Structures are given as C-alpha cells and as structure tokens.
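Per-entry structural report
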Amino acid sequence: MNRKTGPPAIDIENVDDAEEAKDAFSLLVIGYFEKFEGEAYEAFKKAAQTVDDEVSFAQVSSPDVAAVFDLKDYGIVLFKDTGDEFTHFKGEMSTDAIKTFVLTEALPLVNEFSDETAKHIFSAPVSYQVRNEYRIEATKLQYVSSILIVVLLKINGGHITR
C-alpha cells in the first residue's frame, strides 16, 4: 500500500545504500536512468505503481550505484536475494512489458502450492502451469500434498510451434 500513496520507487544515491537495499529486500526491481524523466522512466514508474507491494522498486542514476546491481548500461534489473540473483530486462520499455517481466521473473520456477502462494502463482502471466498431486504412504501415515510446477516456455515468445 505504501507505493500507492508514496513514491513508486525509492532513490538509491550511494553504494552503501545500494548494499543495504540488497540486504533489506527479497525482491527488488532497479531502474538505472540517466535522468528521472522520459518515456522509459515513466513506463518504469507506472509499472512500479501497479505491481504488488511485495516487490520493491528503486531508481538509480549513478554508474557506481548501478554497478552494485550488475547494471552497466541504462535499463532495468530484478534482484532476488536467493543467491544474489540478477535478471536483466531485455524487452520494450513499456509499462505492460515491465510488469510482465517483473511478475514472471519474480516467481520461482517451482512453487509449493498453498493459500499463501496461490495469489502470486495465478496472478503471474505464466503461459503454462501444471498441478501434480501425489500421495506418499508410510506405515499408517498418509501424506497428501500438492505441488505446482511452473514451466516458463521461452520458445517463440512463449508459444509452442509444431
């Protein structure tokens, strides 16, 4: 709810703040812009305003700060704290393309299906989702669980061809 009323992205102005941000957020989308203006920046800002609050957004304009987030050129990267993972955005700088990138890349490839994860799984613009239920019987105990495997097909822009 904070982004809906406050700024859509936090400003990170120095390397120390960048390192702190990496520790503070589990999912962080960083936009590196020469100036905080123009079509690309406006698309980034609008995407930041509309994506779920569990994904945080930051903006940088310093090359030294951008380097902390593996950004050498102007653009956008998604940082996941699981193994200090960076995923670079390579699409068109439009609000819809940025939102799709964030919602798709923020989701782990394999998820346990639960009440907590269902919202994220079904709101993600993922082409194919497979639900597999299995049962494990050990002596008199029966364990039932559901696993949702998310498969991202990046063949032909997400389309399967024969």
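Read on for an overview of the structure. (Residues numbered from 1 in each chain as written. Predicted model: local features only at pLDDT ≥ 70, side-chain atom pairs only at ≥ 80, totals over all residues. Heavy atoms only, no water.)

With that out of the way, let us pick up the nonpolar core. Ranked by internal contacts, the top residues of the largest apolar core, which has 19 residues, are Val29, Phe44, Val55, Phe57, Ile76, Ile98 and Val102. Of all the secondary-structure elements, those providing two or more residues to this core are strand S2 (27–32), helix H3 (39–50), strand S4 (75–80) and helix H5 (95–105). The element contributing the most residues to this core is H3, with 5 residues. When neighbours within four sequence positions are excluded, Phe44 is seen to be in contact with Ala9, Val29, Ile30, Gly31, Phe33, Phe57, Ala58, Gln59, Ile76 and Ile98. (Core = buried A, V, L, I, M, F, W, Y, C linked by side-chain atoms within 4.5 Å. Buried < 20%, exposed > 50% of the residue type's maximum accessible area, 1.4 Å probe, protein only. Helix = DSSP H or I, 4+ residues; strand = E, 2+ residues; numbered from the N terminus. Contact = heavy atoms within 4.5 Å.)

Under the criterion given, the structure shown has 2 salt bridges. As a salt-bridge pair, Lys45 and Glu42 come within 3.6 Å of each other at their nearest N and O atoms. Separated by 3 residues within a single helix, Lys45 and Glu42 lie in helix H3, roughly one turn from each other. Judged by its relative accessible area of 24%, Lys45 is partly exposed. One salt bridge in this structure joins Lys72 and Asp70, with 3.3 Å as the shortest N-O distance. (Salt bridge = Lys/Arg side-chain N within 4 Å of Asp/Glu carboxyl O.)

Residue placement: Thr87 occurs in strand S5 (residues 85–88). With a relative accessible area of 17%, Thr87 lands in the buried category. Those residues in contact with Thr87 that sit more than four places away from it in its chain are Ile76, Val77, Leu78, Phe101 and Glu105.

Turning to unusual backbone geometry, a few remarks are in order. Most peptide bonds take the trans configuration, and most residues that are not glycine carry a negative phi. Phi at Asp70 is positive, roughly 60°, even though this residue is not glycine. Positionally, Asp70 belongs in the loop between helix H4 (63–68) and S4. Judged by relative accessible area, which is 31%, Asp70 ranks as partly exposed.

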